[in-house]
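# Summary of the model geometry
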Amino acid sequence: MILEVTNLTKYFPVTGGFFGRKKLAEVKAVDGVSFAIHKGETLGLVGESGSGKTTVGKNILQLQRPTSGEIWFKNKDLASLSNKELRPYRQKLQVVFQDPYESLDPRFTAADIIGEPLRLHKVKGGEYNKRIAELLKLVGLSPYMAERYPHEFSGGQRQRLGVARALALQPEFIVCDEPLSALDVSIQAQIINLLDDLKNKFGLSYLFISHDLSVVRHISDRVMVMYLGKLMEVADRDSMYEKPLHPYTQALLSAVPIPDPAVEAERKVIILKGEVPSPLNPPTGCVFHPRCFKAFEDCPKVVPVMGETSPGHHVACLLYKECWP
Ligand SMILES: Nc1ncnc2c1ncn2[C@@H]1O[C@H](COP(=O)(O)OP(=O)(O)O)[C@@H](O)[C@H]1O
Ligand SMILES: [Mg+2]
């Protein structure tokens, strides 16, 4: 186990009044999420926009401090450490963001961008230049590209720079937050392969966040499905895609085209009613019940707990006896 998250919540206060000193309400972006990531594993995190995926990533990395809950890494609860105590752990935990163009400073060269974490850690001179050449090669770019600016790279190459930067300080764990969403499908496959190669080479572990279920299927060993700040289902990749248990997962998967034309012809799309409700005022009971096509009278009243219905397959839905509190 490289990382264990216990009962993570992140509430954002909505303030008002004179100087915004009055707390009017709370956005429950993440509401009691627990999971573990094993060494060398890629754990996929899927869910519609607004479900809390990015917030989970930021709270693991301590880019945001959790409202409550624990983030265990190397026998330390990162959430309980001061900023100073966190420093040695920060370099072990890195992030690759969605839009490489947005996240790269246009006035910086490739070397400046990749080298920033190295400079922060006082890597200098010959060692600095050597490491930048090495990192460029690792991500499939050439050392002679070091002096180029972001606009001189293609979208895929820019994402490679983002990956090189994340690798600079030899991390053990990387949050990949929608790293392919800004890229063409043909380029997406190259970046998936690169991430996979690097994982094997360095024994990395990933939390791979995406709203695209077909992308997650390619890269993940296990998959988690999130909705309105809560985990709905966690399972290894094949059980999740072949035997989804939660009605929400079933609906998400029904919208994904299947490569086999015979199976594809039989595919029935489950249309969910309504929109994702606001996390300011989440529904009672199971948060998914207003949109669920299998909801029954207990669903607005009882909050389901995560239950294990078969080894490694966890779900939070009152259709299953394991999920009754
Ligand atoms: N800094 C913030 N302040 C207030 N609300 C936020 C903040 N960051 C995220 N949220 C809200 O929290 C919810 C989850 O957001 P996010 O984690 O970005 O979801 P996802 O990555 O799944 O799209 C959304 O309703 C979003 O508007
Ligand atoms: Mg997001």
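Residues numbered from 1 in each chain as written. Chains lettered and ligands numbered in written order. Predicted model: local features only at pLDDT ≥ 70, side-chain atom pairs only at ≥ 80, totals over all residues. Heavy atoms only, no water.

As a reminder, the rule being used: UniProt positions are given in the numbering used here, feature names are shortened, and annotations may be inferred rather than shown by experiment.
The protein chain appears in an unreviewed UniProt entry as Peptide ABC transporter, ATP-binding protein from Dehalococcoides mccartyi. UniProt, in the comment section headed Sequence similarities (unreviewed entry), describes the protein chain in these words: "Belongs to the ABC transporter superfamily."

## So, empty space enclosed by the protein
Our working rule: Any residue with an atom within 4 Å of a point lines the site, the site being either a cavity, points on a 1 Å grid over the protein atoms alone where a 1.4 Å probe fits but cannot get out, or a pocket, an open set with protein on both sides within 12 Å along at least 5 of 7 lines. Grid points are joined across faces, edges and corners, and a volume is the space filled by probe spheres set on the points. Residues are sorted three ways: Asp, Glu, Lys and Arg are charged, Ala, Val, Leu, Ile, Met, Phe, Trp, Tyr, Cys and Pro are nonpolar, and all the rest, Gly among them, are polar.
The tally for this structure, following the rule as stated, stands at 3 cavities of 30 Å³ or more. Size it by volume and the largest cavity reaches roughly 80 Å³. Taken together, the residues of the lining of the largest cavity break down into 10 nonpolar, 2 polar and 1 charged. Here the second largest cavity is characterised by a volume of approximately 40 Å³.

## Notes on the side chain of Ser-254
Just so we agree on the cut-off: We count a stretch as a helix when DSSP gives it H or I for four or more residues in a row; a strand needs E for two or more, and each element gets its number in order from the N terminus. Type-normalised accessible area, obtained with a 1.4 Å probe on protein chains alone, sets the label of each residue: buried when under 20%, exposed when over 50%, and partly exposed for intermediate values. In protein, a polar contact requires one atom able to donate a hydrogen and another able to accept it; more generally it is a pair of N or O atoms within 3.5 Å, and residues adjacent in sequence count only if both atoms are side-chain atoms.
The residue Ser-254 is located in helix α10 (residues 247–254) in this model. With relative accessibility at 8%, the residue Ser-254 sits in the buried group. Reaching out from Ser-254, the side chain makes a polar contact with the backbone nitrogen of Ile-270 at a distance of 2.8 Å.

## Some details on the environment of Arg-107
Position of Arg-107 among the secondary structure elements: in the loop between α3 (100–103) and α4 (110–120). Separated by 44 residues in the primary sequence, Arg-107 and His-151 place their C-alpha atoms 9.7 Å from one another.

## Structural notes on α10
Inclusion rule: Here a residue-residue contact requires only that any non-hydrogen atoms of the pair lie within 4.5 Å.
With respect to burial, α10 is a largely interior element, 8 of its 8 residues being buried. Looking only at α10, the buried set comprises Pro-247, Tyr-248, Thr-249, Gln-250, Ala-251, Leu-252, Leu-253 and Ser-254. Buried residues along α10 sit against α8 (213–219), β9 (222–227), β10 (230–236) and α9 (237–242).

## Section: the site of ligand 1
The condition that has to hold: Here a residue counts as near a molecule or strand whenever at least one of its heavy atoms sits within 4 Å of it. Here the open area of atoms and residues is found with the Shrake-Rupley method and a 1.4 Å probe, where only the protein chains shown may cover a residue.
Around ligand 1, the neighbouring residues are Phe-12, Val-27, Ala-29, Glu-48, Ser-49, Gly-50, Ser-51, Gly-52, Lys-53, Thr-54, Thr-55 and Pro-279. The separation between an oxygen atom of ligand 1 and a polar side-chain atom of Lys-53 is 2.8 Å. Within the contact set of ligand 1, an oxygen atom lies 2.5 Å away from a side-chain nitrogen or oxygen of Thr-55. Within the complex, the protein chains bury 62% of what would otherwise be the 570 Å² of accessible surface of ligand 1. Where the shell around ligand 1 is concerned, the elements lending two or more residues are β2 (22–37) and α1 (53–60). Here the residues of the shell around ligand 1 are counted per class, giving 4 nonpolar, 6 polar and 2 charged.

## What to know about the sheet that holds β9
Within a sheet, neighbouring strands are paired by backbone hydrogen bonds and run either parallel or antiparallel to one another. In plain terms, the rule: In this analysis, strands are considered paired if DSSP registers two or more bridges between them. For helices, the fitted line uses only the C-alpha atoms of the stretch in contact; every axis is such a line through C-alpha atoms, and the angle between N-to-C directions lies from 0 to 180 degrees.
The 8 strands are arranged β6-β7-β8-β3-β9-β10-β12-β11 in an open sheet whose pairing can be described as mixed. Taken across any chain shown, the strands that pair with only one partner, and hence form the sheet edges, are β6 (93–96) and β11 (307–310). The sheet shows a mean angle of 20° between the axes of neighbouring strands, taken without regard to direction. For β6 and strand β7 (residues 173–177), the ladder comprises 4 bridges, and the chain directions are parallel. The partner of Val-96 across the bridge, within β7, is Cys-176.

## Comments concerning helix α5 (residues 125–138)
Along an α-helix, a turn takes 3.6 residues, which lines up residues three or four apart on a common side. We count it as follows: Expected helix span is given by 1.5 Å per residue-to-residue step, counting one fewer step than there are residues. This arc corresponds to the set of directions leading from the helix axis out to the C-beta atoms.
The terminal C-alpha atoms of α5 lie 20 Å apart, and with 14 residues this matches the ideal 20 Å at 1.5 Å per residue to within 8%. When α5 is considered as a whole, its buried residues turn out to be Tyr-128, Arg-131, Ile-132, Leu-135 and Leu-136. Buried residues of α5, seen end-on, are gathered within an arc of 135° and therefore sit on one face of the element. Within α5, the exposed residues directed more than 90 degrees away from the buried face are Gly-126, Glu-127, Asn-129, Lys-130 and Lys-137. The elements touched by buried residues of α5 are α4 and α6 (155–167).

## Quick look at the packing of aromatic side chains
Working definition: an aromatic ring pair is given by the centre-to-centre distance plus the angle between the planes. In plain terms, the rule: Under the pairing criterion, centres of Phe, Tyr and Trp rings, with the six-membered ring standing for Trp, must be within 6.5 Å; the plane angle then separates stacked pairs below 30 degrees from edge-to-face pairs above 60, leaving the rest tilted.
Enumeration over the complete set of coordinates arrives at 4 aromatic pairs. Among the aromatic side chains, those forming a connected cluster through ring pairs are Tyr-227, Tyr-248 and Phe-288.

## A closer look at the pattern of salt bridges
Short version of the rule: One speaks of a salt bridge when a side-chain nitrogen belonging to Lys or Arg is within 4 Å of a carboxyl oxygen belonging to Asp or Glu.
Under the defined criterion, the tally for this structure stands at 11 salt bridges. Across the pair Arg-222 and Glu-41 runs a salt bridge whose closest N-O atoms are separated by 2.7 Å. Of this pair, Arg-222 sits in strand β9 while Glu-41 sits in the loop between β2 and β3 (42–46), placing them 181 residues apart in sequence. What makes Arg-222 buried here is its relative accessible area of 18%. For the salt bridge of Asp-238 with Arg-237, the shortest nitrogen-to-oxygen distance reads 3.2 Å. According to the relative accessible area criterion, Asp-238 is partly exposed, its value standing at 38%.

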